[in-house]
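Analysis of the macromolecular model
Here's the letter readout for the chains.
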Amino acid sequence: MVNIPKERKTYCKSKKCSKHTVHKVTQYKAGKASSFAQGKRRYDSKQMGYGGQTKPVFHKKAKTTKKITIRLECKDCKQKKQLVLKRCKKFELGEKKKNVDGPSY
């Protein structure tokens, strides 16, 4: 499990900053796929008509995890950059640590 704080101090390379500043951390999420992209238009035209599936469908999935990408936004100049982390099964942003051995009185 990876737990990352919601703010992190890191280098901002914009012309305005060019120094270490506080960045807001969010998890990257891919946008909605466009139906007008060239690959999608080509695929759809190839699929039309008789003949079944024309391109290979991937079935041999080997990986159980995905690489986590975080999006860093500078609080001063709003410059955004992305940072790829290692693979992990569970990812949390700014969660409090859970006490494993129970309450201590």
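Please read all numbers here as calculations on a predicted model, not as lab measurements.

Attention now moves to the environment of Cys17. Topologically, Cys17 is positioned in the loop between β2 (7–12) and β3 (19–27). Assessed through its relative accessible area of 12%, Cys17 is described here as buried. Along the backbone, Cys17 and Lys75 are 58 residues apart, and their C-alpha atoms lie at a distance of 10 Å. What Cys17 contacts, discounting residues up to four positions off in sequence, is Cys12, Cys74, Asp76 and Cys77.

Below, the discussion takes up a positive patch on the surface. Positive charge collects at one region of the surface, where Lys16, Lys24, Arg71, Lys78 and Lys80 lie side by side. Structurally, Lys16 is set in the loop between β2 and β3.

Turning next to the sheet that holds β3. Spatially, 4 strands are ordered β2-β3-β4-β5 in an open sheet, and the strand pairing comes out antiparallel. Among the strands making up the open sheet, the edge pair consists of β2 and β5 (80–88). Between one strand axis and the next, the sheet turns by 45 degrees as a mean value, whatever way the strands run. Relative to strand β4 (residues 66–74), β3 runs antiparallel, the two sharing 5 bridges. Residue pairing across strands places Gln27 opposite Ile70, the latter belonging to β4.

Let us look at the side chain of Thr65. Within the secondary structure, Thr65 sits in the loop between α1 (38–47) and β4. In this view, Thr65 contacts Arg87, Cys88 and Lys89; residues no more than four positions away in its chain are not counted.

This brings us to the confidence of the model for the chain. Interpretation of this model should avoid reading the predicted coordinates in detail wherever pLDDT is low. Mean pLDDT over the chain works out to 92, with 93% of the residues at or above the 70 mark. Of all the helices and strands in the chain, strand β1 (residues 2–4) carries the lowest mean pLDDT, 92, while α1 carries the highest, 97.

On to the pattern of salt bridges. Considering all chains together, one arrives at 2 salt bridges under this definition. Residue Lys75 is joined to Glu7 by a salt bridge in which the shortest nitrogen-to-oxygen separation is 2.3 Å. With a gap of 68 residues between them, Lys75 in the loop between β4 and β5 and Glu7 in strand β2 connect regions that are remote in the sequence. Assessed through its relative accessible area of 38%, Lys75 is described here as partly exposed.

The next thing to look at is the environment of Cys74. By secondary structure assignment, the location of Cys74 is in strand β4. Take Cys74: its relative accessible area is 1%, and that puts it in the buried class. Cys74 sits 64 residues away from Thr10 along the chain, and the two C-alpha atoms are 8.8 Å apart. Beyond its immediate stretch of four places on either side in the chain, Cys74 contacts Cys12, Cys17, Thr21, Val22, His23 and Gln79.

Cut-offs and rules
- Residues numbered from 1 in each chain as written.
- Predicted model: local features only at pLDDT ≥ 70, side-chain atom pairs only at ≥ 80, totals over all residues.
- Heavy atoms only, no water.
- Helix = DSSP H or I, 4+ residues; strand = E, 2+ residues; numbered from the N terminus.
- Buried < 20%, exposed > 50% of the residue type's maximum accessible area, 1.4 Å probe, protein only.
- Contact = heavy atoms within 4.5 Å.
- Patch = residues over 30% accessible without salt bridge, like charges linked within 9 Å, V, L, I, M, F, W, Y side chains within 5 Å.
- Areas by Shrake-Rupley, 256 points an atom, 1.4 Å probe, with all protein chains shown as cover.
- Salt bridge = Lys/Arg side-chain N within 4 Å of Asp/Glu carboxyl O.
- Lys, Arg positive; Asp, Glu negative; His and termini not counted.
- Charge placed at Lys NZ, Arg CZ, Asp CG, Glu CD.
- Pairing = 2+ DSSP bridges.
- Axes fitted to C-alpha atoms, helices over the stretch in contact; angles between N-to-C directions.
- pLDDT = per-residue confidence, 0-100.

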